[in-house]
Amino acid sequence: MKPPPFRYADPGSVDEALDVLAAEGDGAKVLAGGQSLLPLLAMRLAAPTTLVDVNRVPGLDGVATAPAGVRVGALVRHAALLRDGAAAGVQPLLARATASVAHPAIRNRGTTVGSIAHADPSGEMTAVLALTGGSVTVARPSGRAEVGWQDLFVGPLETSLSGPAVVVDAFFPALPDRSGTAFAEIARRKGDYAVCGAAVVVSLDEDRRVAAVRASYLSVGLVPEVHDLSEAVAGKPVDSADWAAAGALARTLVDPDTDLHATADYRRLLVGVLTERTLAEAAAEAAAKVTGE
Amino acid sequence: MTTKLFGEPVRRREDARLITGRGRYLDDIGAGALAAAFVRSPHAHARVVDVDVEAALDVGGLVAIYTYEDLTGPMAEPLPVLIPHPQLHAPRTGYPLANGVVHHVGEPVVMVVATDRYVAEDAAERIVVTYEELPVVVGIDTARAAGSCVHPDVPDNVAARHHQETGDVEPALAASPHTLTFTQTIERSACTPLEGKGVHARWDPDDGSLRVYSSTQASTSVRAAIAAKLELSLDRVEVIAPDVGGGFGVKIVHPWPEELLVPMAAIRLGREVKWAEDRREHFVSSAHERGQRQQVTVGFDDDGRLTALDVHVWHDNGAYTPYGIIVPIITATQLVGPYAIPVYRVVVESLYTNTVIVTPYRGAGRPQGCFAMERTMDRIADALDLDRAEVRRRNLITPDQFPYDHHLTFQDGRPVVYDSGDYPGLLEKLTALVGWESVEERRAEAAGRGKLLGAGMALYVEGTGPGPYEGGHVQVLGSGKVLVSTGLTSQGQGHETVFAQIVASELGVPMEDVEVHTGDTRRFGYAVGTFASRAAVMSGNAVALAARGVREKALRIAADVLEADPSDLEIEEGVVQVRGTPGASIPLRTVAVLSNPLRYAFDEAAKQATQFATHDDTRPPVAPGDAPGLEHRDYYSPLRSTFASGAHAAVVEVDPQTWEIDVVQYAVVHDCGNVVNPMIVEGQVHGGVAQGVAGALYERMAYDADGQLQNASFMDFLVPYASEVPDVVIDHQQTPSPLNPLGIKGAGEAGVIPGSAALASAIEDAVGRRVAAMPISPSELYDLVRDPSSERTAAAGRRAGTGATA
Ligand SMILES: Cc1cc2nc3c(=O)[nH]c(=O)nc-3n(C[C@H](O)[C@H](O)[C@H](O)COP(=O)(O)OP(=O)(O)OC[C@H]3O[C@@H](n4cnc5c(N)ncnc54)[C@H](O)[C@@H]3O)c2cc1C
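Residues numbered from 1 in each chain as written. Chains lettered and ligands numbered in written order. Predicted model: local features only at pLDDT ≥ 70, side-chain atom pairs only at ≥ 80, totals over all residues. Heavy atoms only, no water.

- Taking an unreviewed UniProt entry as the reference, chain B is identified by name as Xanthine dehydrogenase, molybdenum binding subunit apoprotein belonging to Geodermatophilus telluris.

- The name given to chain A in an unreviewed UniProt entry is Carbon-monoxide dehydrogenase medium subunit, with Geodermatophilus telluris as the source organism.

1. Digging into the overall build of chain B
- Scanning chain B for helices and strands turns up 20 helices and 29 strands.
- Here chain B has a C-alpha radius of gyration of 28 Å; the compact-globule value for 806 residues is 28 Å, and the two agree.
- Reported as C-alpha extents along the three principal axes, the dimensions of chain B are approximately 95 × 75 × 50 Å.
- The burial tally for chain B puts 61% of its 806 residues in the buried class.
- Contacts in chain B between residues at least 24 apart in sequence constitute 80% of all its contacts with a sequence separation of at least 6.
- Surface summary for chain B: the accessible area is close to 28900 Å², and the carbon and sulfur share equals 50%.
- In chain B, the 68 positive side-chain charges and the 106 negative ones have mean positions that sit 2 Å from each other. (Helix = DSSP H or I, 4+ residues; strand = E, 2+ residues; numbered from the N terminus. Rg over C-alpha atoms; globule rule 2.2 N^0.38 Å. Buried < 20%, exposed > 50% of the residue type's maximum accessible area, 1.4 Å probe, protein only. Contact = heavy atoms within 4.5 Å. Areas by Shrake-Rupley, 256 points an atom, 1.4 Å probe, with all protein chains shown as cover. Lys, Arg positive; Asp, Glu negative; His and termini not counted. Charge placed at Lys NZ, Arg CZ, Asp CG, Glu CD.)

2. A closer look at the overall build of chain A
- Of the regular secondary structure elements, chain A holds 12 helices and 14 strands.
- The C-alpha atoms of chain A give 19 Å as radius of gyration, which agrees with the globular expectation for 293 residues (19 Å, within 12%).
- In terms of overall dimensions, chain A has C-alpha extents of about 60 × 40 × 30 Å along its principal axes.
- Taking all 293 residues of chain A together, 54% fall into the buried category.
- Long-range pairs, those at least 24 residues apart, make up 63% of the contacts in chain A between residues at least 6 apart in sequence.
- For chain A, the accessible surface area stands at approximately 11800 Å², while carbon and sulfur atoms represent 52% of it.

3. Regarding the site of the ligand
Residues and elements named next belong to chain A.
- Surveying the vicinity of the ligand reveals 29 residues, the closest of which are V30, G34, L37, T111 and E124.
- A32 is positioned with one of its backbone polar atoms (N or O) 2.8 Å from an oxygen atom of the ligand.
- Between the ligand and the protein, one listed contact pairs an oxygen atom with a backbone N or O atom of A102 at 3.2 Å.
- About the coverage of the ligand: the protein hides 91% of its 970 Å² of free accessible area. (Near = heavy atom within 4 Å. Polar contact = N/O pair within 3.5 Å; in protein donor to acceptor, adjacent residues only side chain to side chain.)

4. Examining the pairing of strand β4 (residues 63-66) of chain A
All names here are of chain A.
- Two strands pair when backbone bridges link them, and β4 and strand β5 (residues 69-73) are joined in this way by four bridges, in the antiparallel orientation. Looking across to β5, one finds that V63 is bridged to V72.
- Hairpin connection of β4 to β5: two residues between the antiparallel strands. (Pairing = 2+ DSSP bridges.)

5. Here we look at the layout of surface pockets
Residues and elements named next belong to chain B.
- Taken as a whole, the second largest pocket encloses approximately 960 Å³ of empty space.
- In terms of lining residues, the second largest pocket is bounded by 43 residues, among which E187, R700, M701, P775 and E780 are the most central.
- Taken together, the elements giving at least two residues each to the lining of the second largest pocket come down to α3 (140-145), β8 (178-186), β13 (292-300), α17 (678-698), β29 (773-774) and α19 (778-786).
- When residues of the lining of the second largest pocket are assigned to their parent elements, the largest contribution, four residues, is made by α19.
- For the lining of the second largest pocket, the class distribution of residues is 19 nonpolar, 12 polar and 12 charged. (1 Å grid on protein atoms, 1.4 Å probe; cavity = no way out; pocket = protein on both sides within 12 Å on 5 of 7 lines; lining within 4 Å. Points joined across faces, edges and corners; volume = space filled by probe spheres on them. Nonpolar A, V, L, I, M, F, W, Y, C, P; charged D, E, K, R; others polar.)

6. Things to note about the interface of chain A and chain B
- The interface of chain A with chain B comprises 25 residues on the first partner and 34 residues on the second.
- When chain A packs against chain B, close to 2600 Å² is buried across both sides, 54% of that on carbon and sulfur atoms.
- Ranking the residues of chain A by area buried against chain B places M1(A), R188(A) and R189(A) at the top, with a combined share of 29%.
- Linking chain A with chain B are five salt bridges, by the criterion used here.
- Put simply, R44(A) and E121(B) hold a salt bridge, and the shortest N to O gap is 3.6 Å.
- Seen at the junction of chain A and chain B, the total is 19 residue pairs in polar contact (both at pLDDT 80 or more).
- For the side of chain A that touches chain B, the element with the most residues is helix α12 (residues 264-292) of chain A, which contributes six residues. (Buried area = accessible area lost by both parts, 1.4 Å probe. Salt bridge = Lys/Arg side-chain N within 4 Å of Asp/Glu carboxyl O.)

7. Topic: empty space enclosed by the protein
All names here are of chain B.
- For the structure on display, the rule yields six cavities of 30 Å³ or more.
- Its boundaries defined by the atoms lining it, the largest cavity holds a volume of some 240 Å³.
- Three or more residues apiece are contributed to the lining of the largest cavity by two domains, here domain 1 (32-134 + 197-276) and domain 2 (288-466 + 639-799).
- As for the second largest cavity, its lining consists of 16 residues, of which I186, R290, G695, A696 and S756 are closest to the centre.
- Per element, the largest residue contribution to the lining of the second largest cavity is four residues, and it comes from α17.
- Classifying every residue of the lining of the second largest cavity by side-chain character gives seven nonpolar, five polar and four charged. (Domains from an automatic or database assignment.)

8. As for the domain arrangement of chain A
Residues and elements named next belong to chain A.
- Domain boundaries assigned for chain A yield domain 1 (1-175) and domain 2 (179-291).
- Distance between the C-alpha centres of domain 1 and domain 2: 26 Å.
- In this complex, domain 1 contributes 24 residues to the contact, which on the side of domain 2 involves 26 residues.
- In this assembly, domain 1 packs against domain 2 so that about 2000 Å² is buried in total across both faces, 65% of it on carbon and sulfur atoms.
- Seen at the junction of domain 1 and domain 2, the total is one salt bridge.

9. A look at helix α11 (residues 423-434) of chain B
Residues and elements named next belong to chain B.
- When the terminal C-alpha atoms of α11 are compared, their 16 Å separation across 12 residues agrees well with the 16 Å that a helix rising 1.5 Å per residue should span.
- All buried positions along α11 are accounted for by Y423, G425, L426, L427, L430, T431 and V434.
- Those residues of α11 that are buried are in contact with α10 (388-395), β17 (415-418), α12 (439-448), β18 (452-464), β26 (642-654) and β27 (661-671).
- Where α11 begins, the capping side chain belongs to D422, and its oxygen is found 2.9 Å from the backbone nitrogen of G425.
- Among the residues trailing α11, G435 stands out with phi positive, at a value near 75°. (Expected span 1.5 Å × (residues − 1).)

10. Side note on the environment of G34(A)
Residue and element names in this part refer to chain A.
- Along the polypeptide, G34 turns up in the loop between β2 (28-31) and α2 (37-42).
- A relative accessible area of 10% means that G34 is categorised as buried.
- Taking the C-alpha atoms as reference points, G34 and G110, separated by 76 residues in sequence, lie 6.7 Å from one another.

11. Here's the deal with the pattern of salt bridges
Residue and element names in this part refer to chain B.
- Scanning the model with the defined rule gives 69 salt bridges over all chains in all.
- Of the charged contacts in the structure, one is a salt bridge between E281 and R40, with a shortest N-O distance of 2.8 Å. Residue E281 is found in helix α7 (residues 279-285), and its partner R40 is found in strand β1 (residues 34-40); the two are separated by 241 residues along the sequence.
- On the basis of relative accessibility, which here comes to 14%, the residue R40 falls in the buried class.
- The salt bridge partner of D316 is R188, with a shortest N-O separation of 3.2 Å. You can see D316 sitting in strand β14 (residues 306-316) and its partner R188 sitting in the loop between β8 and β9 (198-204), a full 128 residues away along the chain.
- On the basis of relative accessible area, D316 is assigned to the buried category, the value being 6%.
- Members of the salt-bridge network, linked through shared partners, are E374, R375, D378, R379, D382, D385, R392, E764, R770, E791 and R798.

Below, the structure written as structure tokens:
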């Protein structure tokens, strides 16, 4: 379990990183927190020719919170985002979901952007990016561009990024008005990748009726998906909405796989249960806001 | 005995060193050594057609490559069968490097030595081995079906048929008012110590000697194996177990191929060579345990008393049997637990499969035996509508029945005769500790919260401290320092503390003066090893006897000097004094100086001692039969094992929506005779319970039909974290062993034994479905409860008021 030989670059700017990536070609990989990449190297499942370590690039470690949403720099560690109260105020899912990412030691190194670039459909933050309708800023030699989550995730551990590219930040839009969110997951051990997880957002109208319900799941598909569950409960007063019906609908929309830890059927069961539970919680949060208006 | 320290919860003196990184583990040794890496078989069963090393040769830093062709003499022969047994009729072992055929994924085929481990792996990756795949046998069913075989000359895949019986079981069953027959399975797991195996070897060509460090549980035996296999004289080989990061059984197996190959390479290359096993290697090339299928037929009367028990076990022993059939024998003989069983028959078939070898893992066959027996008790209770604790109570051996002879033969070839115990006492303490009487109330309360609550219990008796012997050496230096040495090894159990406690108590010295050394053949050449919960019993008693020898000699010398009778002397805080006569005293360290008549006054101690020197011209300075120095070596060799016991209860809450299983209470009553250090015993119990919970709810070796281990990493092999291990409440009972001077019994493995049995019982009690396969995950529990053919318990039917017993 020792990595094969690789070259190592330690650029001081994004442009310099892009230069190295361009010069080294396909074999080069960006190294952020290393919590996913280094185990792959140690097990010789990946053999990059060059690691382009962006940890010393200045300016990538900020969280910028604005009314429209939260922009998370490429070097922001999970632990920092977890503790960022301002960010949680604008988009509560950030802290709620990050709390379930791995263990404290890994959260101290691993980056939120890295986990998105890693595109693991079992990751918390990929699901949150999808559910919130987020995007990433990609720096390429040709310039910077915003890439929406739908265009980013193409398969398990696979993004649409090719050629020299550095993700410089991820943008999570703010929680809409009269809305609440919730996050829950079930893992075999605390801190493990989830057997199944759900991130949801419930939006109400002025009359405390359910306006929209959306959910995104962990570990149930090849790429993060967002499911619109509104039809099961839309128009219902929030206090009498049948969240179980939304859960039942969700079960018909997902297509999970079987692995060592759970059957597809069990995951489907959890999709239903977690949907029902998180929606009730998110709805209560939304209702409290509407009442408070 | 001065009992000041014996029995006290003294803090572990090794912890500060280990926790602050000052431990010296295998990989801390030999920073400049060459590194070994192995090309291991990717196939479960295949012929090795060709090994092409060409592409590896130009890797910079490569030093040597070895294949089977390079092995000579005894190294080219199969590895030893450590523990032969007449009923192991077809023992098979591998070679240090594969000889033509590989029998499991992970078997070593080529050894690469290079300047460091990175380079060694680079070279190993370039070696091309061509295999011709052979049919693969995985799992007990496939092995029994014997459609293909692991070893061509063992066509039925049966390595051993072990059989014991205490009477005529068939008529006893026929005459029983009730009988039940059922089958159940328990999956493979493994020790997974935090530190893998590892070997470092250094050859001194000038004096032809070899020093080997190995992360082993048996350094003296590794030494003998190396000497024999490499054709060296025993006196030219020394083996040292440095700090070892856990063993749990896997490191008692020896010699591992690497323990021979690394020294071989060191000698051939004339350079230090080291191999530190990585986690992936550990999963596929060390050892596993537990995998069994059991068929139980039990006869019982209307009161739930056993009349006869007939058990057939199919045991998966993996590809080879280097450790004999120790695990299945232990299952067979420890299954009976604390119960009086009028007639018992057990047949174990030990089966070859194309998987990693199966050798003892903490508990060593006992968790499986306990699972069979305790689930039998649960079934009887269910069938008769009796309380599960009450059925157990009615079948217990009573305190007046000791010594209790089961008429079985234990793993050490000695009779299974329980030395002492109080099993009704255990059960009574357990039911009180867990609140067994209030389970129905709690069930109702939990139901109100939407949870299914269930409780289960399991009792066990554990043969501990088997022989043949262990030795101890105690020496008092002129500085006052007391050196204690024993040959068995430590893997973090706290031996430095408990052996020091024992010696300090026996000798009457402060514990700080005592320094303990273990597992170093330079200090102590004769030892057996650390396994079978034997260290405290065996070495504990041996060092106690050695300390008593030192004490006797010290009193004799001091008596001379103080002109007193030895029986009037006592030793307190390192000072020998005439009882009741203040001032008439001599420090033990001075006695140590006096014990050596050659006394150059190098230091103050020697100078001081001269004032006590006696001049008796009538005897030689060293009397016949005496020896210079204040030291003594002694051995403890027991007649047979001593039998510890315990009882566990678990309360679980199952979420009927997600089928998650939460262990909300875990209670342990533990009896290991006299306790040297209750804090250390409780630590052992806690660790054992963690591994018991692991085996019940988390860990399994997921082999696919091709013999590929699907979860060979800590990502997918689920060792529970602290967050998964329940709080454990412990109560103690002490029934001293009459067999040894200290009255102690072993405690190392106990905690793990009843885990699967107690938790299966609790889950079954919660969901009302028969749980016959462990471990069980939420996903599997979901499958079980919605399977219309899964058996409902009668108790669940009665609770539901339907009486249904589908
Ligand atoms: C034991 C363990 C448990 C874990 N559990 C979880 C869990 O429960 N949930 C979870 O979501 N994650 C989990 N992780 C993964 C962890 O969250 C990682 O930190 C994260 O997935 C990757 O972030 P990183 O900064 O470590 O990225 P790295 O490992 O450095 O990189 C990962 C990949 O992303 C690419 N990359 C990283 N940053 C950029 C960038 N700025 N631009 C372009 N490409 C980039 C790399 O090239 C690489 O391919 C776990 C990890 C471990 C070791």
